[in-house]
Amino acid sequence: MAAHDPINPTDDDARALARSILDQARFGALAVTMPDGRPYIARVALLADQGTVLTLISTLSTHTTALQANPICAVLLGEPGDKGDPLTHPRMTLICAAAAADKTAHREMWLTAIPKARLYYDFTDFLMFRLTPTEAHLNGGFGKAFRLSGDDLA
């Protein structure tokens, strides 16, 4: 007997929820693989930009070194609300490829959304990366699991 696939067909409601989670996120958990193969996760500031994610991280950080060695990463987005079981609130994991982004070109957008970054944005050790999703795993709550493509987020 074949196992039941718990993943729902992707529809417009799932795409809209995924884009909403992406657009509202200001931080997330970035998962990388360290050069020796061990996993590593760090909370990072981020912003959505046309279906991709921008993050500003220091070269002094373990996750930056890891991204420079292996650009494949994952980002967990979505925070639980004030009430109820945290596992019933929408969240999404993006599987991404990281590449350097133009920090100067995104300065105004970043500082408008994250004003406290004025304290460190111009430090030379901070680099901006664009994380381009190749796939997304959306959990919209109980019984609302979806797989999306990177195009579904654009």
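Residues numbered from 1 in each chain as written. Predicted model: local features only at pLDDT ≥ 70, side-chain atom pairs only at ≥ 80, totals over all residues. Heavy atoms only, no water.

Visitor: Please clarify how the packing of aromatic side chains should be interpreted in this entry.
Guide: Each aromatic ring pair is specified by the distance between its two centres and by the angle formed by the two planes. A complete count under the given rule lists 2 aromatic pairs for this structure. Aromatic ring contacts, followed pair by pair, group Y120, F123 and F126 into a single cluster. (Phe/Tyr/Trp six-rings, centres within 6.5 Å; stacked < 30°, edge-to-face > 60°.)

Visitor: I tried to follow the nonpolar core on my own but got confused; where do I start?
Guide: As a rule of thumb, nonpolar side chains are buried together in soluble globular proteins. Formed by 28 residues in total, the largest nonpolar core has its most connected members in L77, M92, L94 and L131. Ignoring any residue separated from it by four or fewer positions in sequence, one finds M92 in contact with A18, I21, L22, V75, L76, L77, A136, H137, L138 and L153. Counting 11 residues, the second largest nonpolar core, distinct from the first, contains A101, I114, A117 and F126. (Core = buried A, V, L, I, M, F, W, Y, C linked by side-chain atoms within 4.5 Å. Buried < 20%, exposed > 50% of the residue type's maximum accessible area, 1.4 Å probe, protein only. Contact = heavy atoms within 4.5 Å.)

Visitor: Is there a simple way to explain unusual backbone geometry in this structure?
Guide: Residues other than glycine predominantly adopt negative phi, and peptide bonds predominantly adopt the trans conformation. Despite not being glycine, Q50 has its phi angle at roughly 55°, a positive value. When you line up the elements, Q50 lands in the loop between β3 (39–49) and β4 (52–58). The exposure class assigned to Q50 is exposed, which follows from its relative accessible area of 73%. (Helix = DSSP H or I, 4+ residues; strand = E, 2+ residues; numbered from the N terminus.)

Visitor: Looking at this structure, how should I read the pairing of strand β8 (residues 145–149)?
Guide: Inspection of the sheet shows strand β1 (residues 7–8) paired to β8 by 2 bridges, in the parallel sense. By the bridge assignment, I7 is partnered in β8 with A145. As paired strands, strand β7 (residues 126–139) and β8 are joined by 5 bridges and run antiparallel to one another. Looking at β8, one finds that L138 is bridged to F146. Counting the residues in the hairpin turn of β7 and β8 gives 5 residues, including G141, whose phi is positive at 125°. (Pairing = 2+ DSSP bridges.)

Visitor: I'm lost on helix α1 (residues 12–24) in this one. Help?
Guide: Note that an α-helix has 3.6 residues per turn; residues three or four places apart therefore point the same way. The end-to-end C-alpha separation of α1 is 18 Å, in line with the 18 Å expected for 13 residues at 1.5 Å each. All buried positions along α1 are accounted for by A14, A18, I21 and L22. Relative to the axis of α1, the buried residues are bounded by an arc of 95° and lie together on one face. When the buried face of α1 is taken as reference, the exposed residues oriented beyond 90 degrees from it are D12, D13 and Q24. Two or three places before D13, at the start of α1, stands the capping residue D11, its side-chain oxygen 3.2 Å from that residue's backbone nitrogen. (Expected span 1.5 Å × (residues − 1). Arc of directions from axis to C-beta. Polar contact = N/O pair within 3.5 Å; in protein donor to acceptor, adjacent residues only side chain to side chain.)

Visitor: How should I be thinking about helix α2 (residues 62–69) in this particular structure?
Guide: Taken residue by residue, α2 has H63, T64, A66 and L67 as its buried positions. Across the axial projection of α2, the buried residues extend over an arc of 165°, all falling on one side. Check the buried side of α2 and you find it contacts β2 (27–33), β3, β4, β5 (72–77), β6 (91–101) and β7.

None of this, on its own, says anything about what the molecule does.
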